[in-house]
Amino acid sequence: MAIEKRGDAHLITHALAKDTLSRLRDVETEQVAFRKGLVKLGRICGYEIIDGAMETEFVSIRTPLAETTGERVKGLDNVVIINVLRAATPFVEGLLKAFPRAKQGVISAGRNEEAGMDDDGTFPIEIDYTKLPDITAEDTVIVADPMLATGSTMTAVLDHVVSNNPEPEDLFVLSAVSAPAGVARVTEAFDEVDLLTVALDEELNDEGFIVPGLGDAGDRAFRTK
């Protein structure tokens, strides 16, 4: 299994995930390749979630030649994917290749960069739009955002996801790159969350960006800077 426990997080160690992330980190990777890389990484992470966290069941099937027993993944119809706009859009596109029948929700959330980072290492978060499907106790919920930096955005998003909903079967936060401060903030606030990431980076800089990181994923994917 290519998911390993690392402190409060679970690290996706699949070789193709690491290869893809390395290409995303490269400053020379231009917009189209960057966006396609996020799609590819989302697909790989989706398959790893299926392999590492979802149960299978034995079923009777008939081939053209005989009756036999097969194995199928349980719960694929009970998956909810939450897209943290906008950077997660290509990442979620990849996840949907692994979970094509998933229900989808969107939350438009982002830092107030002009306000700056507070003394406790958090940012004020502005949430402009929320549209979530019904979440049931049988669901596997995946909240996707490529970057988990201070954890300010993710904790605000999770507040919306868990409020007025039953606790789902599994609740995952999925990122490409995470910083220790963000991991600590999310897991302290939401002990029911399993945090999945492809890389645990060293630190945050004074502006609250992950170092070494990969830059602003939204800007690089949509060429807005």
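Every value quoted in this text rests on a predicted model; they were computed, and no experiment measured them.

## As for the UniProt feature "binding site: GTP" (unreviewed entry) in the protein
Within this numbering scheme, the UniProt entry marks Lys36, Gly37, Leu38, Val39 and Lys40 as carrying the feature "binding site: GTP" (unreviewed entry). The topology assignment puts Leu38 in helix 2 (residues 31-53). With relative accessibility at 0%, the residue Leu38 sits in the buried group. Setting aside chain neighbours within four positions, we find Leu38 in contact with Leu24, Ala87, Pro90, Phe91, Pro146 and Ala221.

## Some points on the packing of helix 1 (residues 15-25) against helix 2
The N-to-C vectors of helix 1 and helix 2 enclose an angle of 160°; their axes lie 9 Å apart at closest approach. The orientation of helix 1 with respect to helix 2, classified from their angle, is roughly antiparallel. At the point where helix 1 passes helix 2, the crossing takes the left-handed sense. Residues Leu16, Ala17, Thr20 and Leu24 of helix 1 form the contact with helix 2, whose own contacting residues are Phe34, Gly37, Leu38, Lys40, Leu41 and Ile44. Of the residues in the contact of helix 1 with helix 2, the class split is seven nonpolar, two polar and one charged.

## Details of helix 2
End to end, helix 2 covers 32 Å across 23 residues, agreeing with the expected 33 Å (1.5 Å per residue, within 8%). Within the sequence span of helix 2, burial applies to Phe34, Gly37, Leu38, Val39, Leu41, Gly42, Ile44, Cys45, Gly46, Glu48, Ile49 and Ile50. Between a side-chain oxygen at the N-terminus of helix 2 and the backbone nitrogen of Val32 the separation is 3.1 Å; the capping residue is Glu30.

## Thoughts on helix 5 (residues 180-189)
Within the span of helix 5, buried status applies to Gly182, Val183, Val186 and Thr187. One face of helix 5 carries all of its buried residues, which in axial projection span an arc of 115°.

## Some thoughts on the environment of Pro100
As for its placement among the helices and strands, Pro100 is situated in the loop between helix 3 (88-98) and strand 6 (103-111). Judged by its relative accessible area of 63%, Pro100 is exposed. For the pair formed by Pro100 and Val73, sequence separation is 27 residues and the distance between their alpha carbons is 13 Å.

The rules we used
Residues numbered from 1 in each chain as written. Predicted model: local features only at pLDDT ≥ 70, side-chain atom pairs only at ≥ 80, totals over all residues. Heavy atoms only, no water. UniProt positions renumbered as here; feature names shortened; annotations may be inferred. Helix = DSSP H or I, 4+ residues; strand = E, 2+ residues; numbered from the N terminus. Buried < 20%, exposed > 50% of the residue type's maximum accessible area, 1.4 Å probe, protein only. Contact = heavy atoms within 4.5 Å. Axes fitted to C-alpha atoms, helices over the stretch in contact; angles between N-to-C directions. Parallel < 35°, antiparallel > 145°, perpendicular 65-115°, else oblique. Left-handed = near helix turned anticlockwise from the far one by under 90°. Nonpolar A, V, L, I, M, F, W, Y, C, P; charged D, E, K, R; others polar. Expected span 1.5 Å × (residues − 1). Polar contact = N/O pair within 3.5 Å; in protein donor to acceptor, adjacent residues only side chain to side chain. Arc of directions from axis to C-beta.

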